[in-house]
Every structure is written in structure tokens, then in C-alpha cells.
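If you want the building blocks of each chain, they are given just below.
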Amino acid sequence: MKNVTPKDQNNLLADITTLIEQSKQQVATVINSTITMLYWQVGCRIKIDIQIVSTLCRQLTWSHIKSILYIEDELKREFYIEMCKLEQWSTRVLSERINSMLYERTAISKKPEDTIKHELELLRDEQKITPDLVFRDPYFLDFLGLHDKYSEKDLETAIVVELQNFIIEFGGDFAFMDRQKRISIDNEDYYLDLLFYHRRLKCLVVVELKLGSFKAAYKGQMELYLRWLDKNMKLEDENSPIGLILCAGKSNEHIELLQLENSNIKVADYLTQLPDKHLLEQKLRIAIEIAKQRLEAKNE
């Protein structure tokens, strides 16, 4: 075995020192690069936030902006901005809408990203609103004070009594027209539970209330009502009537097979008691994901 001389020891120490210094320089370079990138990203984010705030300050109050600014999802944030401007929500109403997950309950959230962007651009630039931005699922009817057993008449009566809160949940552009509207077809009378008019959609909206889960027969019933309204009540400058069937539950397969998504008939759940927020959030996210997967499968 070769003896290690003092010279060899000095060379080894010099080599190790060089390696350590080179490593330090490499680490310093990486750190400097990372910090530089961090500062650049922070600067970009601040610039974007400033642009957002600058634009919103001309349209909304600072209290509104504070509620919206912390929404990370850009499309979700844009939805609340445009709907708040359109319906002139107070700060309290805006907070309630965000806390009740209005965006996730609105039909538009289940559409492809390009569709959401397009409809929000139409709303922002031309103040044009579509049914997907209006109708929701589920609807929260906890303000009706209904518990345990109640009839369809009890539900309808409670809605009429609490009409102001009902319209707040539905959207400010709904105008109440009639309750138990009688229509006659071949000398047979039918009664529409609730009849509204939507100002911006420019159409009549029939709301049918059902205690149980959705049934296929409800589609035929609603189609009959809508065609009668289209023939006898729709004005020349109005759009075709829309039907909303409110049920205590529904099957997504029924909705898909009946092709209701491509019709003027909407089906939604209603809840007379507010669910746990975390459970609701989980259910809505799953529903959105399933809806988008089905759309992708159709497109393929």
C-alpha cells in the first residue's frame, strides 16, 4: 500500500475545496435564477391584479371587489363579476351567491371551457344572457320553512307567500305572472303551477312543482304546456317558452335518454333544507365533472 505523503494530502484537500466551491456557485446560480423567476411571477400577478382592480373600480364598489378578487378560478371570477354588474347585487347578495356556490349550480359550469368563455364574453360585451346562465340545479328553498311532510299545494302556497325570496334565489329578472294558470285543450282544462316572464331572455317560463323524483311522463306534460303557450301567449318579439320542472330528485340517465339538455325543458332538484356545505361542494364538483365527461364523449 502506497504511503500518503504530505503533498498528496494537500492535493486532496485542494480538490475537495474546489468541488465544494463549485457546488456553492452552482447552488447560488440556481437560487438566484429561482428568486428572479419568483419576483417576475409576483410582478406579473400584481400587474394582473392591478388591471382587474382598475377595471372593476369603475363598475363595482371596493367591498364587491374584495369578495371577488380572491376567487382563483378565472372563469368563476368572471361569472360573478358579470352577473353582479348585470343584476346589480349588493355586497351581501354577492357574498350569499358565492357562499351558496351559485356558479357551480348554474348550468354554464357544466359546459366546455370555450363555451363558458364565449357566453361570458357575450354577457360582458353585448349584455346577452343565455338560459345556461339563468337556470340552476339545485335550487335552495330553505326559506319556505317546509319540514318533513308537505303537499305540492303546500309547496306552491309557500312559494307565493315567499315570492320575493323565491325570485331572489331564481334571479332578479324573473317576473311573476300567474299561479295555477288555466289553459284549455280540446275542452280539457290543465293548470300550470307557476308562470313567470324572464325579462332578458324575453320568454315565458313555466315552473312545475313535483314532490317526488323526476318521471319520464313529466316531459310530455311540459311539452304540451310549452306548445300551448307558444301558440296562444307568446308575442312576436319573444323567444319560445321555457319549462322548469322542480323535483325532489332526478336520474341523470333519464335526462340524457330524453335528450332534455337539447330542449327548452330544464329539470332541477330543490332543497327545502340547506345541506352541509362540504357535502354540497363535493356533489356539485362530481356533477360538473360527469357532465363535462359526457360532453367530451359526445364530441368524440
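Everything below is about the structure printed above this text.
So, here's what we can say about the structure. Nothing here was measured: the structure is a model prediction, and the numbers come from that model.

1. A look at the sheet that holds strand 3 (residues 188-198)
The 6 strands are arranged 1-6-5-4-3-2 in an open sheet whose pairing can be described as mixed. Among the strands making up the open sheet, the edge pair consists of strand 1 (139-140) and strand 2 (174-185). With 2 bridges joining them, strand 1 and strand 6 (residues 265-271) adopt parallel strand pairing. Of the residues in strand 6, the one forming a bridge with Tyr 139 is Tyr 270. Along the sheet, helix 9 (residues 163-170) makes contact with strand 1, strand 2, strand 3, strand 4 (203-209) and strand 5 (242-247), crossing strand 2 at roughly 100°. Contacts from helix 10 (residues 217-232) reach strand 2, strand 3, strand 4, strand 5 and strand 6 within the one sheet, and its direction differs from that of strand 4 by about 150°.

2. Section: unusual backbone geometry
The residue after Asp 137, namely Pro 138, is reached through a cis peptide bond having omega 0°. In this fold, Pro 138 is placed in the loop between helix 7 (131-134) and strand 1. One non-glycine residue, Gln 127, lies in positive phi territory at about 55°. Mapped onto the fold, Gln 127 is located in the loop between helix 6 (113-126) and helix 7. In this structure Gln 127 comes out as partly exposed when scored by relative accessible area, which is 48%. Residues other than glycine seldom take positive phi values, yet Asn 187 does so here, at roughly 65°. Locating Asn 187 in the fold gives a position in the loop between strand 2 and strand 3.

What counts and what doesn't
Residues numbered from 1 in each chain as written. Predicted model: local features only at pLDDT ≥ 70, side-chain atom pairs only at ≥ 80, totals over all residues. Heavy atoms only, no water. Pairing = 2+ DSSP bridges. Helix = DSSP H or I, 4+ residues; strand = E, 2+ residues; numbered from the N terminus. Contact = heavy atoms within 4.5 Å. Axes fitted to C-alpha atoms, helices over the stretch in contact; angles between N-to-C directions. Buried < 20%, exposed > 50% of the residue type's maximum accessible area, 1.4 Å probe, protein only.

Distances and angles like these do not, on their own, reveal function.
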